[in-house]
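# Chains, contacts and geometry: an overview
As a plain string of letters, each chain reads:
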Amino acid sequence: ESLEELEEKILDEVLPTSENKDKHTTFVEIRQGAGGSEASLFAEDLLHMYQGYAKEQGWSSQVTELTPDMSISRGCKHGT
């Protein structure tokens, strides 16, 4: 097989299309790292950035689990 044929096969497997979209389900888990309230705020911002990116790509996204940081007014300890 040529390099071009191999590249095409890889792209067919990696990039979602209408025929194979169901096999490309991805879970993203974001956890607060060390750093207290700043880490919670960053985790929440990161979660929103990934949701925005998915929306721009035309992908559906859903938060299945969210543990808010109750010590501050916003932020999250864990999100999936």
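Residues numbered from 1 in each chain as written. Predicted model: local features only at pLDDT ≥ 70, side-chain atom pairs only at ≥ 80, totals over all residues. Heavy atoms only, no water.

### Topic: the pattern of salt bridges
Enumeration according to the criterion identifies one salt bridge in this entry. Glu29 serves as the salt-bridge partner of Arg31, at 2.9 Å between the closest nitrogen and oxygen. What makes Arg31 exposed here is its relative accessible area of 57%. (Salt bridge = Lys/Arg side-chain N within 4 Å of Asp/Glu carboxyl O. Buried < 20%, exposed > 50% of the residue type's maximum accessible area, 1.4 Å probe, protein only.)

### Overview of a nonpolar patch on the surface
A contiguous nonpolar patch, built from Ile10, Leu11, Val14 and Leu15 and spanning about 370 Å² of accessible area, is present on the exposed surface. Positionally, Val14 belongs in helix H1 (residues 3–14). We classify Val14 as exposed; its relative accessible area is 52%. (Patch = residues over 30% accessible without salt bridge, like charges linked within 9 Å, V, L, I, M, F, W, Y side chains within 5 Å. Areas by Shrake-Rupley, 256 points an atom, 1.4 Å probe, with all protein chains shown as cover. Helix = DSSP H or I, 4+ residues; strand = E, 2+ residues; numbered from the N terminus.)

### Concerning the side chain of Glu44
Mapped onto the secondary structure, Glu44 falls in helix H2 (residues 37–57). Its relative accessible area of 17% is what places Glu44 among the buried residues. When residues no more than four places from it in sequence are discounted, the contact partners of Glu44 are Arg74, Gly75 and Cys76. (Contact = heavy atoms within 4.5 Å.)

### Quick word on the packing of aromatic side chains
Summed over the entire model, instances satisfying the criterion amount to one aromatic pair. Where Tyr53 meets Trp59, the ring centres are 5.7 Å apart and the plane angle is 80°; that geometry is what we call edge-to-face. Under the relative-accessibility criterion, Tyr53 is labelled partly exposed at 43%. (Phe/Tyr/Trp six-rings, centres within 6.5 Å; stacked < 30°, edge-to-face > 60°.)

### Some remarks on the sheet that holds strand E2 (residues 66–68)
As summarised here, the arrangement of the three strands in space is E1-E3-E2, forming an open sheet in which the pairing is antiparallel. Where the open sheet ends on each side, the last strands, each with one partner, are strand E1 (30–31) and E2. In this sheet, strand E3 (residues 76–79) lies alongside E2 in antiparallel orientation, the contact comprising three bridges. For Pro68, the partnering residue across the bridge sits in E3 and is Cys76. (Pairing = 2+ DSSP bridges.)

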